[in-house]
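Residue-level structure breakdown
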Amino acid sequence: MASIAEEYLETEVGKVQVFRGGRGDPIVYLHSAAGEMAAPPLALEDLASDHAVVAPVFPGFGESEGIEQIDDMEDAVFHMLDVFDRLGLEAPVVTGLSLGGWMAAELATRYPERVSRLVLMNAVGLYVEGAPIKEIFGRTPAELAEDMFADQSHPMAQMMHALSEFTGDVGQQIEVPLELVLPIWKSMSATARLGWDPYLHNPKLRKRLHRITSPTLIVHGVKDGILPRAHAEAYATEVPDARLVDMDGAAHLLVLEKPVEVAQLVREFAG
């Protein structure tokens, strides 16, 4: 696997953290609300073996600045265009998980010429009657872990459970790498700026999806406890010629649970 290196990029909203690696045709990865870029997913290192992988960290997440200048998804799209321009990305393959999938879809509807291929993984962003997105705000890490991971023995799921067990007793001995878990807390306030009200969707997005011109792959984690499959079906129906794939044994954070499978799926789709 190729290594993924951290760097910083000056943008219109301030300095943002970017993870990059590999050489070849570019693949952009837009992260979820979980703040998983604190430890870049192994799938990115896998993809970097034969592609140039670029994973910008959105303002308010990680070490990226400028969240106070982002009020809504429109601002988010213009920020992403600024990042693309400064990195010389004309029309990369754009992949996104959950919140990142929503951003990718918004970008592709507004500026379809800037996306060569699109991969939406457990993407929020739509309102689907009778299939609400489960609440993420105000819940314990353990509760979120149950919905975000199919396998509760996954290291990050175990950390989230351990954090919930900590009740403030300084004598209690638990091992929780806070550098991996605390980004979840920090990311919630940044996510709220984009998805508090209306909750994790843009009422106008669904009727704009027909504007997407790139080949599109929709990926749904079969065990996802946050997002019903109806949302993947809605994306697959509204985006012209989109293809829907179900990933067994994976929940909401499928990039963390199934890195090899995700990398292979994206690689094959990127062609």
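Everything discussed here concerns the structure shown above.
Cut-offs applied
Throughout this document, residue positions are counted from 1 along each chain, in the order its sequence is written. Local features in a predicted model are, by the rule used here, given only for residues with pLDDT of at least 70; side-chain atom pairs are given and counted only at 80 or more, and totals for whole chains, interfaces and linings are based on all residues. Excluded from the side-chain calculations are hydrogens and water; all other atoms, namely the structure's heavy atoms, are used. A run of H or I in DSSP counts as a helix once it spans at least four residues, and a run of E counts as a strand once it spans at least two, with each numbered from the N terminus. Each polar contact in these results corresponds to two N or O atoms within 3.5 Å; when the atoms are within protein, one needs to be able to donate a hydrogen and the other to accept it, and residues that are neighboring in sequence are counted only if both atoms are side-chain atoms. Note on definitions: a residue-residue contact is assigned when non-hydrogen atoms from the two residues lie within 4.5 Å. Expected span, for any helix, means 1.5 Å times one less than how many residues it has. Exposure classes here rest on a 1.4 Å probe applied to the protein chains alone. A residue is buried below 20% of its type maximum, exposed above 50%, and partly exposed in between. In this description, strands pair whenever DSSP reports at least two bridges between them. The definition of a right-handed crossover adopted here requires that, viewed with the strands pointing away, the path from the first strand over the helix to the second runs clockwise. To obtain an axis, a line is fitted to C-alpha atoms, over the contacting stretch when the element is a helix, and the angle between two such axes runs from 0 to 180 degrees between their N-to-C directions.

**Examining the side chain of Gln 17**
Mapping Gln 17 onto the fold places it in strand S2 (residues 14-21). Looking at Gln 17, its side chain comes within polar contact range of the main-chain nitrogen of Glu 63, at 2.9 Å. Non-local contacts of Gln 17, meaning those with residues more than four positions away in its chain, are made with Glu 6, Glu 7, Tyr 8, Ala 55, Pro 56, Val 57, Gly 62, Glu 63 and Ser 64.

**A few points about helix H3 (residues 99-110)**
The end-to-end C-alpha separation of H3 is 17 Å, in line with the 16 Å expected for 12 residues at 1.5 Å each. With 12 of its 12 residues buried, H3 lies for the most part within the structure. Three or more residues of H3 are buried, namely Leu 99, Gly 100, Gly 101, Trp 102, Met 103, Ala 104, Ala 105, Glu 106, Leu 107, Ala 108, Thr 109 and Arg 110.

**Points about the pairing of strand S6 (residues 117-121)**
The element S6 is largely enclosed, with a buried count of 4 among its 5 residues. With 5 bridges joining them, strand S5 (residues 93-97) and S6 adopt parallel strand pairing. In the strand pairing of S6, Val 93 is matched with Arg 117. For the segment spanning S5, H3 and S6, crossover handedness is right-handed.

**Description of the sheet that holds strand S1 (residues 5-11)**
Sheet architecture is open: 8 strands sit in the order S1-S2-S4-S3-S5-S6-S7-S8, paired in mixed fashion. The sheet is open, and its two borders are formed by S1 and strand S8 (243-247), each paired with just one other strand. When strand polarity is set aside, the average angle formed by the axes of neighbouring strands in this sheet is 20°. Note: strand S3 (residues 26-30) against S5, 4 bridges, orientation parallel. Within the sheet, the bridge partner assigned to Ile 27 lies in S5 and is Val 93. Each of S3, S5 and S6 touches H3; the most contacted strand, S5, lies at about 140° to it. Relative to S6, helix H9 (residues 259-270) is tilted by about 155°, and along the sheet it contacts S3, S5, S6, strand S7 (216-221) and S8.

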